[in-house]
Amino acid sequence: VSVLTVNLADNSYDILIGCGVMSSIGSHCVALGLSSRVAVITNPTVNALYGEVVRNSLAGAGYTVSVIEIPDGEVYKNAETLANVYDALIEAGLDRKSFIVALGGGVVGDLAGFAAATYLRGIPFVQVPTTLLAQVDSSVGGKTAIDHPRGKNLIGAFYQPRFVLIDVDSLATLPEREYRAGMAEVIKYGVAIDLIFFEYLEQHVDAIMAMDRECLETLIRRCCQLKAQVVELDEKESGLRAVLNYGHTLGHAFEMLAGYSELVHGEAVAIGMVLAARISVARGHCDAADIKRVSALICRFGLTTQAPIVDRQRLLSAILTDKKSADGAISFICNSGIGNFAIELLLPEELLTLSGLEVCS
Ligand SMILES: NC(=O)c1ccc[n+]([C@@H]2O[C@H](COP(=O)([O-])OP(=O)(O)OC[C@H]3O[C@@H](n4cnc5c(N)ncnc54)[C@H](O)[C@@H]3O)[C@@H](O)[C@H]2O)c1
Ligand SMILES: [Zn+2]
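Please read all numbers here as calculations on a predicted model, not as lab measurements.

(A) Fine view of the nonpolar core. Counting residues in each nonpolar core, the largest one holds 79 residues, and the members touching the most others are L132, L201, L219 and I220. Contact partners of I220, with chain neighbours within four places excluded, come to I17, L132, Q135, V136, I166, V168 and L171.

Structure below.
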């Protein structure tokens, strides 16, 4: 097992990464002094695959375990599901000494994390991410949230887990589409903050596509390290942390317009990154060869770089909804060459013009 620490004073925690580590969750909880009762929040898909291992490990370590299933899918990351989870937590008798284990992808992690942040004004929680996206991004950093009909992640809290347990082997059962989509977030770290890592990805496409375990472990560790560094400098996103939104401004807009099933998050981010690279060229932060290199890598992982053609007005309003603030310009993350970033204040209209995006009206 490799261990990384996220240093956040009182909120510091470890990320444990390894193959086959899920069955050790019970002893890690004991080692941290987590006591008594635990609710494992998961969905039917993940529960069928990994529920038993986790349950047995926790029970074997002396915990009273309840399992709470939420339906599978982004559309259920909402207030109604959350209300059902609160009911189940009360029903299971969880008190302030109890804790929550989030077992699943980013949807489960975000919702279970928010439940933990708010139930009894906050009880401890543990992340056991089972998708590539969750392992390299959403399980680290303490952003928890549910969606609102008016936009994604509008209701949430910064709330750090007690530890993150990443079992690389759990990726073996992930649908190929989800695996590829997760690669978009991996590429994001390379383009926006780490050239050496970008080159590593270019050199290891075949091994990554073949899910070589050693390679995966290296890749996940590097992403977590980069994310931890950014979060350590800016836990509550007052500035620097926004770099992790590279590719997300336009990506989110397309994700909303296409409907969550047509484009999954990572697929939309891949498109958003290519557009961000084009805007970066237009603003003089990199040259055309960099766009080519970024799109080439995205394509090699089987992701599309082609934006769907959508209505201009709907796209503009989607960009604004996502911005979480009402006035004027957007802080847009550009890539400066590959491996560095620059922030530009741009109007939604300018994003369309500078990216050369084809829209209809
Ligand atoms: N908190 C953050 O910082 C942050 C960052 C990025 C994304 N997110 C959020 O993460 C969510 C997306 O997460 P996601 O991409 O993990 O999607 P997801 O949680 O919907 O999981 C994708 C699918 O894979 C299935 N699955 C999960 N693990 C599996 C496994 N090991 N084997 C087989 N199937 C498995 C799930 O049941 C689901 O159907 C979005 O809601 C997004 O807003 C949060
Ligand atoms: Zn993302």
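Here the narrative resumes.
(B) Seen up close, the coordination of the zinc ion (ligand 2). The protein atoms donating to the zinc ion (ligand 2) are E185 (OE), H248 (NE2) and H265 (NE2), with metal-donor distances spanning 1.9 to 2.1 Å. Going along the chain, you hit the donors of the zinc ion (ligand 2) in the pattern E-x62-H-x16-H. Residue H248 is located in helix α10 (residues 248–258), and its partner H265 is located in helix α11 (residues 265–282); the two are separated by 17 residues in the primary sequence. Residue H248 shares its accessibility class with H265, and that shared class is buried.

(C) Quick peek at the sheet that holds strand β2 (residues 13–18). Ordered in space as β1-β2-β9-β6-β5-β3-β4, the seven strands form an open sheet in which the pairing is mixed. Every other strand in the sheet has two partners, leaving β1 (2–6) and β4 (64–69) as the edge strands with one partner each. Pairs of neighbouring strands in the sheet enclose a mean axial angle of 20°, with direction left out of account. Pairing geometry for strand β5 (residues 99–104) and strand β6 (residues 125–129), over five bridges, is parallel. Its bridge partner lying in β6, V101 is registered against V126. Across the sheet, helix α3 (residues 79–91) lies against β3 (37–42), β4 and β5, angled at about 160° from β4, the strand it touches most. The strands touched by helix α4 (residues 106–118) are β3, β5 and β6; relative to β5, the strand with the most contacts, the crossing angle is about 170°.

Procedures and definitions
Residues numbered from 1 in each chain as written. Chains lettered and ligands numbered in written order. Predicted model: local features only at pLDDT ≥ 70, side-chain atom pairs only at ≥ 80, totals over all residues. Heavy atoms only, no water. Core = buried A, V, L, I, M, F, W, Y, C linked by side-chain atoms within 4.5 Å. Buried < 20%, exposed > 50% of the residue type's maximum accessible area, 1.4 Å probe, protein only. Contact = heavy atoms within 4.5 Å. Donors = N, O, S within 2.8 Å, 3.2 Å for Na, K, Ca; no water. Helix = DSSP H or I, 4+ residues; strand = E, 2+ residues; numbered from the N terminus. Pairing = 2+ DSSP bridges. Axes fitted to C-alpha atoms, helices over the stretch in contact; angles between N-to-C directions.

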